[in-house]
Amino acid sequence: MPRPKREIKPSTVRFIAMLRALDLAVNSHGVSHAQLERRLCDWMAEGQQAETRLRESPGGADRERLTTLVARKNDVEQSGLARTDGRRAKAGGQRIGELVSGKFPAGRTPPRRRVEVCVAVLLEFLAENDPDGFAAGEYGTRRSWLEWWRQADQGQEPDIGDGSLTVWGYLNTALEQLRQAGVHVGASVRAEEPAPADLSGLLAERDQALERARQAEKLLDEARARADDATARADEATTRADEATARADEATARADEAAARAREEARARQQARDERDEARRRADRLRRRAAALAMASAGLAAFAGVAADRLLLAGPPAHTVEFAAPAQEVTASQRPVFTLSRGLPAGTDWTLRVRLTVTPTDPVSACTFGMRITAHAEADGRPLPSFTSRPGQTDITQVVPLGGRGGRELRLVVTRLVTDPQCTLRLDPAGSRATAPG
């Protein structure tokens, strides 16, 4: 079943016609609804900037002006007359056009906040384009428009007083446009006019209504004052929260700096420990090398003493052949061979005196610590008895009797080298020789 069409009250039609008349006055200066909505967008942007300044400087000298801008921004947002998505260039003024044509909302008196915002932006453009007429009160004031809205909301036709004011020259045009748009105007606009006999009673009712309106306005002002106080307290609480957040951020920054300093000190301590351990390792290697050198020196001295004694007892040899073979750098996995001689005179009792000097390629390494070498001499490919050095011995000497095997090829073969696999040693047979008595 179709819903019956709602009949618009004459007071509502009259008030919407007044809004349309004010809009026509603005339009006569070439101002479109899109320009009106863009001005409302500017008000919202100014209010947002004012909110930011109030948070940053709540006790500033222009606090009252900034608070007014914020309140105006809130009114615009609540009215729903402007875009709130920040796209100012897309503002077309459709809601304002629907409001002044009775379609927003349809069939009833528009809300007070919507009317206040619409009237405020219309009056601002009239003040800019017709300052003299605005100063003379030809377009009404925000307070008078609030009173007219109250009368319309209570079912009374707004009392505009002197009809000769400039803006009311558009009123008949506005009524005719509403009639053409399908809004029922006709005779019902004046249907509620009182008869002269009831004029005193109607005046009393009007006075009572005005008194109630004044009381309501007083209550509204008190509510607004309380709302302003609550807003101020909220701003103070926000300021204190911002200050607490700033202090927390500073404390966090200080804690981060302290943690960074602690990490840096820990790295410095670890580096100092590493350097100390490395110094200890170098000192240990030097001590081991010194001990090995001392042992080698002692062995060499003992050998020299024995050799000297034998020379004194046996007398100087008649034949001595010095061997010269190039040194070789080897690792633990290699088996070096040194060719000492291609031939010795035959028929002589030769004695081979082998001397092998071991030197690490890295002077500060500990490659000779615990090092051992096993080797043997070969005469014409036949191995002679092998010998092994003492651990850590770097100057190895060995006497090998050859007998009458002269005229043969002599070689020194290293069959085993015990040391660190990462080490490289230099083996030098310089000083090896063969001797025979005269």
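Structure report, in brief. Bear in mind that the values here come from a model prediction, so they are computed numbers and not experimental data. (Residues numbered from 1 in each chain as written. Predicted model: local features only at pLDDT ≥ 70, side-chain atom pairs only at ≥ 80, totals over all residues. Heavy atoms only, no water.)

Glancing now at the state of the cysteines. Inspection of the entire model under this criterion finds one disulfide. There is a disulfide in this structure between cysteine 367 and cysteine 423, and the S-S distance comes to 2.0 Å. On the sign convention where negative is left-handed, the bridge of cysteine 367 and cysteine 423, at about -80° about the S-S bond, is left-handed. With a gap of 56 residues between them, cysteine 367 in the loop between strand E4 (350-360) and strand E5 (372-379) and cysteine 423 in the loop between strand E9 (410-418) and strand E10 (425-428) connect regions that are remote in the sequence. As far as burial versus exposure is concerned, cysteine 367 and cysteine 423 are alike and both buried. (Disulfide = S-S within 2.5 Å. Helix = DSSP H or I, 4+ residues; strand = E, 2+ residues; numbered from the N terminus. Buried < 20%, exposed > 50% of the residue type's maximum accessible area, 1.4 Å probe, protein only.)

Approximately 1200 Å³ is the volume found for the largest pocket. Those elements giving two or more residues to the lining of the largest pocket turn out to be helix H2 (33-56), helix H3 (63-79), helix H5 (112-129), helix H7 (142-153) and helix H9 (199-314). For the lining of the largest pocket, the residue count by class is 14 nonpolar, seven polar and 16 charged. (1 Å grid on protein atoms, 1.4 Å probe; cavity = no way out; pocket = protein on both sides within 12 Å on 5 of 7 lines; lining within 4 Å. Points joined across faces, edges and corners; volume = space filled by probe spheres on them. Nonpolar A, V, L, I, M, F, W, Y, C, P; charged D, E, K, R; others polar.)

The next subject is the packing of aromatic side chains. Evaluation of the coordinates by the stated rule reveals four aromatic pairs. When the ring of tryptophan 145 is compared with that of tryptophan 148, the centres are 5.1 Å apart and the planes differ by 75°; the resulting orientation is edge-to-face. Of the two residues, tryptophan 145 and tryptophan 148 are both situated in helix H7; the distance of three residues between them amounts to about one turn of the helix. Looking at tryptophan 145, the relative accessible area reads 2%, which means it is buried. Judged by relative accessible area, tryptophan 148 falls into the buried class, the value being 9%. Seen in terms of ring centroids, tryptophan 148 and tryptophan 168 are 5.5 Å apart; in terms of plane orientation they differ by 75°. Their pairing is edge-to-face. Separated by 20 residues along the polypeptide, tryptophan 148 in helix H7 and tryptophan 168 in the loop between H7 and helix H8 (171-180) bring together distant segments of the chain. Judged by its relative accessible area of 6%, tryptophan 168 falls in the buried class. The ring of phenylalanine 104 carries arginine 114 above its face, with NZ or CZ at 3.9 Å from the centroid. (Phe/Tyr/Trp six-rings, centres within 6.5 Å; stacked < 30°, edge-to-face > 60°. Lys NZ or Arg CZ within 6 Å of the ring centre and 35° of its normal.)

In terms of nonpolar packing, the biggest core is built from 49 residues, with Phe15, Leu22, Leu36, Leu40, Leu81 and Trp145 touching the most fellow members. Broken down by element, this core gets its largest block of residues, eleven residues, from helix H1 (residues 10-27). Contact partners of leucine 22, with chain neighbours within four places excluded, come to Val119, Leu122, Leu123, Leu126, Tyr139, Trp145 and Val167. Counting residues in hydrophobic clusters, the runner-up holds 31 residues, among them Val330, Ile396, Cys423 and Ala436. (Core = buried A, V, L, I, M, F, W, Y, C linked by side-chain atoms within 4.5 Å. Contact = heavy atoms within 4.5 Å.)

We now examine the packing of H5 against H7. Contact geometry for H5 and H7: axes closest at 10 Å, N-to-C directions at 145°. When you trace H5 past H7, the crossing you get is right-handed. Along its contact with H5, which presents Arg112, Val115, Glu116, Val119, Ala120 and Leu123, the element H7 presents Arg142, Trp145, Leu146, Trp149 and Arg150. Here the residues of the contact of H5 with H7 sort into seven nonpolar, no polar and four charged. (Axes fitted to C-alpha atoms, helices over the stretch in contact; angles between N-to-C directions. Left-handed = near helix turned anticlockwise from the far one by under 90°.)

Its 18 residues place the ends of H1 25 Å apart at the C-alpha level, agreeing with the 26 Å of an ideal helix rising 1.5 Å per residue. Within H1, 17 of the 18 residues are buried, which leaves the element mostly enclosed by the surrounding structure. (Expected span 1.5 Å × (residues − 1).)

Turning our attention to the packing of H2 against H5. One way to put it is that H2 packs onto H5 with a least axis distance of 10 Å and a crossing angle of 105°. Of the possible angle classes, the one that applies to H2 and H5 is roughly perpendicular. Judged by residue contacts, Gln35, Leu36, Arg39, Leu40 and Trp43 of H2 engage Val117, Ala120, Val121, Leu122, Glu124, Phe125 and Glu128 from H5. Classifying every residue of the contact of H2 with H5 gives eight nonpolar, one polar and three charged. (Parallel < 35°, antiparallel > 145°, perpendicular 65-115°, else oblique.)

Burial within E5 is extensive, with seven of its eight residues counted as buried. Bridge count for E5 against E9 is eight bridges, and the pairing is antiparallel. Within E9, the residue paired with arginine 372 across the bridge is valine 418. As paired elements, E5 and strand E7 (residues 387-388) share two bridges and run antiparallel to each other. Residue pairing for E7: alanine 375 is matched across the bridge by phenylalanine 387. Here E5 pairs with strand E6 (residues 382-383) via two bridges, running antiparallel. Within E6, the residue paired with alanine 379 across the bridge is arginine 382. The hairpin formed by E5 and E6 contains two residues between the paired strands, and aspartate 380 there has a positive phi angle of roughly 55°. (Pairing = 2+ DSSP bridges.)

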